[in-house]
Amino acid sequence: MRRLTPLVLAFGILLTLVAAGPALASSYRYWSFWDGSAGQWAYASLGPSMARPADGSAWGFRFAVSKDAGDEAARPRAAADFGAVCGATPAAEGRKRVAVVVDFGLPADAPSGEEPPQDAPRTACAQIAPDATAAEALAAVAKPLRYNSAALLCAVSGYPKQGCGEPLAEGPGTASSPATATASGPADGRDSASPAGSGSGPSAGLLVGIAAVAALAAAALWQSRRRTR
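Residues numbered from 1 in each chain as written. Predicted model: local features only at pLDDT ≥ 70, side-chain atom pairs only at ≥ 80, totals over all residues. Heavy atoms only, no water.

Engineer: Let's hear about the packing of aromatic side chains: which residues, and what values?
Structural biologist: Going through the model one piece at a time under the given rule, you end up with 8 aromatic pairs. Taking 5.1 Å as the distance between ring centres and 70 degrees as the angle between the ring planes, the aromatic pair formed by Phe 63 and Tyr 159 counts as edge-to-face. With Phe 63 in strand β3 (residues 57–66) and Tyr 159 in the loop between β7 (153–156) and β8 (166–168), this residue pair connects regions lying 96 residues apart in the sequence. Here Phe 63 falls in the buried class, since its relative accessible area comes to 2%. Relative accessible area serves as the criterion here: at 3%, Tyr 159 is assigned to the buried category. Here the aromatic cluster, defined as three or more aromatic residues joined through ring pairs, consists of Trp 31, Phe 63, Phe 104 and Tyr 159. (Phe/Tyr/Trp six-rings, centres within 6.5 Å; stacked < 30°, edge-to-face > 60°. Helix = DSSP H or I, 4+ residues; strand = E, 2+ residues; numbered from the N terminus. Buried < 20%, exposed > 50% of the residue type's maximum accessible area, 1.4 Å probe, protein only.)

Engineer: Tell me what's going on with the pairing of β7, and back it up with residues and numbers.
Structural biologist: Where a strand is regular, its side chains alternate between the two sheet faces. Relative to β7, strand β6 (residues 145–147) runs antiparallel, the two being bridged by 3 bridges. Bridge pairing links Leu 145 to Val 156 in β7. Connecting β6 to the antiparallel partner β7 that follows it, the hairpin turn spans 5 residues, and Ala 151 within it adopts a positive phi of roughly 65 degrees. (Pairing = 2+ DSSP bridges.)

Engineer: Please give an account of the pattern of salt bridges that cites residues and values.
Structural biologist: This structure, assessed with the given rule, holds 2 salt bridges. With a closest N to O distance of 3.8 Å, Arg 62 and Asp 103 form a salt bridge. Placement of Arg 62 in strand β3 and of Asp 103 in strand β4 (residues 96–103) is noted, with a sequence separation of 41 residues between them. Linking Arg 77 and Asp 103 is a salt bridge whose minimum nitrogen-to-oxygen distance equals 2.8 Å. (Salt bridge = Lys/Arg side-chain N within 4 Å of Asp/Glu carboxyl O.)

Engineer: Can you tell me about the environment of Lys 161, naming the residues and giving the values?
Structural biologist: Looking at the secondary structure, you find Lys 161 in the loop between β7 and β8. Judged by its relative accessible area of 65%, Lys 161 is exposed. Sequence separation of Lys 161 and Pro 111 is 50 residues, and the distance between their C-alpha atoms is 9.0 Å. Not counting the four nearest positions on each side in its chain, Lys 161 is found in contact with Glu 114 and Arg 146. (Contact = heavy atoms within 4.5 Å.)

Engineer: Describe the nonpolar core, listing the residues and the values that go with them.
Structural biologist: Within the largest apolar cluster, 22 residues are counted, with the highest numbers of intra-cluster contacts made by Trp 31, Phe 33, Phe 61, Val 100, Val 102, Leu 138 and Val 156. Counting residues per element, the ones that place at least two in this core are β1 (27–35), β3, β4, β5 (122–128), α3 (134–141) and β7. (Core = buried A, V, L, I, M, F, W, Y, C linked by side-chain atoms within 4.5 Å.)

Engineer: Any chance you could break down the confidence of the model for the protein for me, citing the residues and the numbers?
Structural biologist: Summing up the model confidence of the protein, the mean pLDDT is 76 and the portion of residues at 70 or higher is 61%. Counted against residues more than four places away or in other chains, residues 13–25, with its pLDDT under 50, gives 12 contacts. Of the regions scoring below 50 in pLDDT, residues 171–210 engages in 94 contacts with residues more than four places distant in sequence or in other chains. (pLDDT = per-residue confidence, 0-100.)

As structure tokens, this is what we get:
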């Protein structure tokens, strides 16, 4: 029995790490970026500075506390409707029209001491150069913008005044009423609009820990078998 103790201990640590995995997940307070070209909001696969909207498309930005995953992030609350936004704006030669939806989110998602500039989403039709990016479309209708040194979009129309994609401790009610945030922002996996595209999967640290414990378990098993020979 004593020979099996290291193996039992290793598997106990492994199970503890796996069980703790979901508790390590984080939500973020950030501006997410959405492609509405198909008439429905889809989580954008490229950041605004890389995406080049087609004439007649719709693109949305939403400020909220949510996970960085398309099925969990908060979508803009206005429809992805190019006609409703740009229908009254005549086409111009050498320019393209892009419907831009800016949703400043809910008061519960605002950083401490701040409030969203307006309750309802803002819509505007941006007329920009044919090769212009979604970031340029946003700048045309919602200045001032603020970015951090990693090109993460931090503020639209000056909101919020401070902070940039802070990770928030996971727990009951975190997504609707965050209370604490760290000063550091997340890595930017898509270039600008959102935190790293890690979704809700296990962190790299957790995976490394699991691999290390698995190696320890294998070594303990090998040592146990060697001693029985």
